[in-house]
Amino acid sequence: MVKKISIGVIGIQGAISEHVAIMQNTLKTTDTPGTVFIVKNLGDINKIDALILPGGETTTISKILYKLGLHTAIAKKIKENNLPVMGTCAGCVILASEIIDDIKDDVKLLHAIDMQVERNAFGRQKESFEKNINIEGVHHPYNAVFIRAPVIRKIWGKTKVLAKINKKIVMARQDNLLALSFHPELTNDLRIHNYFLDMI
Ligand code: GLN
């Protein structure tokens with residue numbers, strides 16, 4: 001029997017249902033047997049083969065992840081089982097090892113990807129915008145949606161840059177961990193979720 005892939009989407013706050021819908025659509029269009037479900041408690045972590053950390057409010061998501069014990073469980077599963085994770089926007093911040101944060105919030109990072117991320121790095125005028133970007137490994141161009149987006153300021157170790165806007169890194173990968181500062185779930189374009197599916 002073909003194994004079904006089980007993909008969890010962290011269901012604390014932010015663009016949750018959008019990730020579930022686009023991931024389900026990606027499984028369907030690629031004929032991949034699998035399920036997508038919302039992760040709300042520790043027990044769910046044992047059931048997942050891959051995880052999506054959605055965008056939203058970084059402080060809220062990271063604090064609740066920690067409170068529920070999910071933070072520790074996810075960090076462990078990444079380290080010990082090579083859990084594939086895609087973090088978008090706030091999810092990208094939480095995957096980082098270092099943060100630059102004007103707000104000086106107590107964000108709990110997963111320290112999963114060797115990168116330093118700056119929150120809200122595009123400044124006030126450009127809080128939200130769309131831009132065509134080139135992504136390595138994805139057919140060009142890709143129309144990316146940015147909402148109060150972070151920027152990946154530095155990478156090291158095994159982390160690789162996949163996309164940039166000028167000098168600002170907006171997508172990076174370390175093994176099977178994927179970080180993007182934009183919102184692929186707010187488009188009908190399945191290419192990023194497809195890319196992630198290939199990593200699982
Ligand atoms: N700027 C937000 C934060 O760091 C993230 C924005 C988003 O996820 N769309 O909390």
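Here the structure is shown first, and the text comes after it.
Residues numbered from 1 in each chain as written. Predicted model: local features only at pLDDT ≥ 70, side-chain atom pairs only at ≥ 80, totals over all residues. Heavy atoms only, no water.

Engineer: Explain the packing of aromatic side chains here, please?
Structural biologist: Ring pairs (aromatic) are described by centroid distance and by the angle formed between their planes. Per the stated rule, a full pass over the model turns up five aromatic pairs. Note on Phe 129 and Phe 146: the rings are 4.7 Å apart at their centroids and 10 degrees apart in plane angle, and the pair reads as stacked. Remark: Phe 146 occurs in strand 8 (residues 142–147) and Phe 129 occurs in strand 7 (residues 128–133); sequence separation between them is 17 residues. Accessibility expressed as a relative area gives 18% for Phe 129, which makes it buried. Lying across the ring of Tyr 66, Lys 108 places its NZ or CZ 4.9 Å from the centre. (Phe/Tyr/Trp six-rings, centres within 6.5 Å; stacked < 30°, edge-to-face > 60°. Helix = DSSP H or I, 4+ residues; strand = E, 2+ residues; numbered from the N terminus. Buried < 20%, exposed > 50% of the residue type's maximum accessible area, 1.4 Å probe, protein only. Lys NZ or Arg CZ within 6 Å of the ring centre and 35° of its normal.)

Engineer: Before we go on, may I ask you to explain the site of the ligand in this structure?
Structural biologist: Around the ligand, the neighbouring residues are Gly 55, Gly 56, Glu 57, Thr 58, Cys 89, Ala 90, Arg 119, Asn 120, Ile 147, Arg 148 and His 183. A distance of 2.8 Å separates an oxygen atom of the ligand from a polar side-chain atom of Arg 119. Taking Arg 148, its main chain carries an N or O atom lying 2.8 Å from a nitrogen atom of the ligand. Protein chains shield 95% of the accessible area of the ligand, which is 300 Å² for the free molecule. Of the residues belonging to the shell around the ligand, the class tally is three nonpolar, five polar and three charged. (Near = heavy atom within 4 Å. Polar contact = N/O pair within 3.5 Å; in protein donor to acceptor, adjacent residues only side chain to side chain. Areas by Shrake-Rupley, 256 points an atom, 1.4 Å probe, with all protein chains shown as cover. Nonpolar A, V, L, I, M, F, W, Y, C, P; charged D, E, K, R; others polar.)

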